[in-house]
Amino acid sequence: MSKLFDLQGKTILITGASRGIGFSMAEALAQHGAKVILNARDGSALKQKVEYLNEAGWDADYAVFDVTKIEDGLMAMADIVQKNGSLFGLINNAGVQHRSPILDFTTTDFEHVLSTNLTSCFSLSREAIRFMSDSGGGRIINTVSMLGPQARPTVPAYIAAKEGLRALTRALAVEVGPKGILVNAIAPGYIATELNLALLENKEFSDWVISKTPLGRWGNPSELGGGAVYLMSDAGGFVNGQVLAIDGGMSIQV
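Note that residues are indexed from 1 along each chain, following the sequence as it is written. Only residues with pLDDT of at least 70 get local features here, since the model is predicted, and only at 80 or more are side-chain atom pairs given and counted; chain-wide, interface and lining totals rely on the full set of residues. Just so you know, side-chain values use all the structure's heavy atoms and leave hydrogens and water out.

> Can you lay out the overall build of the protein for me, pointing to particular residues and giving the numbers?
Secondary structure assignment for the protein yields 8 helices and 7 strands. Computation of the radius of gyration draws on C-alpha atoms alone. For the globule rule, the value is 2.2 Å times the number of residues to the power 0.38. What you see for the protein is a C-alpha radius of gyration of 17 Å, in line with the 18 Å of a compact globule of 254 residues. The C-alpha extent of the protein, read off along each of the three principal axes, is 50 × 40 × 40 Å. Relative to its full complement of 254 residues, the protein shows a buried share of 50%. Contacts are residue-level and defined by heavy atoms, with any inter-residue pair within 4.5 Å sufficient. Partitioning the intrachain contacts of the protein with sequence separation of at least 6 by distance along the chain shows that 72% fall at a separation of at least 24. Under the convention used here, a 1.4 Å probe and the Shrake-Rupley method define accessible areas, while residue burial counts only the protein chains that appear. For the protein, the accessible area works out to roughly 12100 Å², and carbon and sulfur atoms hold 53% of it. Here the protein contributes 21 positively and 25 negatively charged side chains, and the mean placements of these two sets differ by 4 Å. Helix and strand definitions here come from DSSP, where helices need a minimum of 4 consecutive H or I residues and strands a minimum of 2 consecutive E residues; each element is numbered from the N-terminal end. Whether a residue is buried, partly exposed or exposed follows from its accessible area with a 1.4 Å probe, protein chains only, as a fraction of its type maximum: under 20%, in between, or over 50%, in that order. The positive count covers Lys and Arg only, the negative count covers Asp and Glu only, and His and the chain ends enter neither. A charged residue contributes its charge at one atom only: NZ of Lys, CZ of Arg, CG of Asp or CD of Glu.

Following this line, the structure appears as structure tokens:
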């Protein structure tokens, strides 16, 4: 049974992996044998995380680049393939949030959120598909959100980007499935990460999250790792174009 989740010999790039959900997914993948490449803009933070994984006996390295700078990302991916021989998996997890009433929400802010949360995923996926096609297949996971099908005020760019990423997931799954490349998404609910610190510290909002989640609590970043392992491993070998909700049931409660 354990072979279903064995990732030995698989090189996987995870963007936005210096903390939170991204690092938790990277850690879980490494525990199951993958060679994980952590990405973020902060090289010192990445180095610390990689040292932690290496000291635990797992195979990890890092690549410093800004996902919104397309050429930097493509060069980094080519370097990863050159060093490791192939690229089996990509997790598009890097993202930003911007909250503002619509009348104060600038076009520049809107475009920055889309560039980070959607356009970068397209660019990196396109390049990953190029390499995966040459090596017999692979896996792509996009981190979307519970928001998209549902909406909240003050985050129009985030909602638009994440819903767009859901659609991109389906489009790529249909096009590259015949190449043996599976493309899926993970949709976290409210997870207790640094990105959500302001919301966690807002008692009224935090209580609302708890009341609307059937499990009665926020999620922990570590609870995203299992989904990533499933979709990257043989266990998820016939799963394509799907969105796996990891939200404690919040998205299905009336």
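> Explain the layout of surface pockets to me, using residue names and the numbers behind them.
Any space left empty among the atoms is revealed by the rolling of a water-sized probe across them. Approximately 1100 Å³ is the volume attributed to the largest pocket. Contributing to the lining of the largest pocket are 45 residues, with Asn93, Gly95, Val96, Gln97 and Leu195 lying nearest its centre. When residues of the lining of the largest pocket are traced back to their parent elements, those giving at least two are helix 1 (20–31), strand 2 (35–40), helix 4 (107–134) and helix 5 (156–176). The dominant element in the lining of the largest pocket, judged by the number of residues it contributes, is helix 1, at 3 residues. Residue composition of the lining of the largest pocket, by class: 20 nonpolar, 17 polar and 8 charged. A pocket here means an open set of points on a 1 Å grid, computed over the protein atoms alone, that has protein on both sides within 12 Å along at least five of seven lines. A cavity is instead a set of points where a 1.4 Å probe fits but cannot get out; residues with an atom within 4 Å of a point line either one. Grid points are joined across faces, edges and corners, and a volume is the space filled by probe spheres set on the points. Put simply, Ala, Val, Leu, Ile, Met, Phe, Trp, Tyr, Cys and Pro go in the nonpolar bin, Asp, Glu, Lys and Arg in the charged bin, and everything else, Gly too, in the polar bin.

> Please give an account of the sheet that holds strand 6 (residues 181–188) that cites residues and values.
Two strands are said to pair when DSSP picks up at least two bridges between them. Ordered in space as 3-2-1-4-5-6-7, the 7 strands form an open sheet in which the pairing is parallel. The open sheet has two edge strands with one neighbour each: strand 3 (60–64) and strand 7 (243–246). Recorded for the sheet is a direction-independent mean angle of 20° between the axes of neighbouring strands. Pairing of strand 5 (residues 138–143) with strand 6, which is carried by 6 bridges, proceeds in the parallel orientation. Residue Ile140 lies in a different strand from strand 6, and its bridge partner there is Val183. A fitted line through C-alpha atoms serves as each axis, taken over the contacting stretch for helices, and the angle formed by two N-to-C directions is quoted from 0 to 180°. Its contacts with the sheet put helix 1 on strand 1 (11–14), strand 2, strand 4 (89–92), strand 5 and strand 6, and the angle it makes with strand 2 is roughly 170°. Its contacts with the sheet put helix 2 (residues 43–55) on strand 2 and strand 3, and the angle it makes with strand 3 is roughly 170°.

> Before we move on, could you go through unusual backbone geometry and cite the residues and values that matter?
A positive phi angle is found at Thr154, which is not glycine, with a value near 75°. Within the secondary structure, Thr154 is located in the loop between strand 5 and helix 5. We classify Thr154 as partly exposed; its relative accessible area is 33%.

> So what about helix 5? Which residues, and what values?
Here helix 5 spans 30 Å end to end across 21 residues, near enough to the 30 Å set by a 1.5 Å rise per residue. Restricting attention to buried positions, one finds in helix 5 the residues Ala157, Tyr158, Ile159, Ala161, Lys162, Leu165, Arg166, Leu168, Thr169, Leu172, Ala173 and Val176. If you follow the buried residues of helix 5, they end up packed against helix 4, strand 5, strand 6 and strand 7. The span you would expect from a helix comes to 1.5 Å times its residue count less one.

> Which residues make up the pairing of strand 1, and what values go with them?
The side-chain alternation of strand 1 yields two buried faces, one formed by Thr11 and Leu13 and the other by Ile12 and Ile14. Pairing of strand 1 with strand 2, which is carried by 4 bridges, proceeds in the parallel orientation. Of the residues in strand 2, the one forming a bridge with Leu13 is Ile37. Note on handedness: a clockwise path from strand one over the helix to strand two, with the strands aimed away from the viewer, defines a right-handed crossover. With helix 1 bridging strand 1 and the parallel strand 2, this β-α-β connection has right-handed handedness. Here 3 bridges tie strand 1 to strand 4, and the two strands are oriented parallel to one another. Looking at strand 4, one finds that Leu13 is bridged to Leu90.

> Before we move on, could you go through the pattern of salt bridges and cite the residues and values that matter?
Basic side-chain nitrogens of Lys or Arg form a salt bridge, by our definition, when they fall within 4 Å of a carboxyl oxygen of Asp or Glu. Under the definition given, this model contains 6 salt bridges. One salt bridge in this structure joins Arg130 and Glu127, with 3.2 Å as the shortest N-O distance. Pair noted here: Arg130 and Glu127 are both in helix 4, with a separation of 3 residues, about one helical turn. For Glu127, a relative accessible area of 12% gives the class buried. Here Arg217 ties to Glu223 by a salt bridge, and the two come within 2.7 Å at their closest N and O atoms. By relative accessible area, which is 34% here, Glu223 ends up partly exposed.

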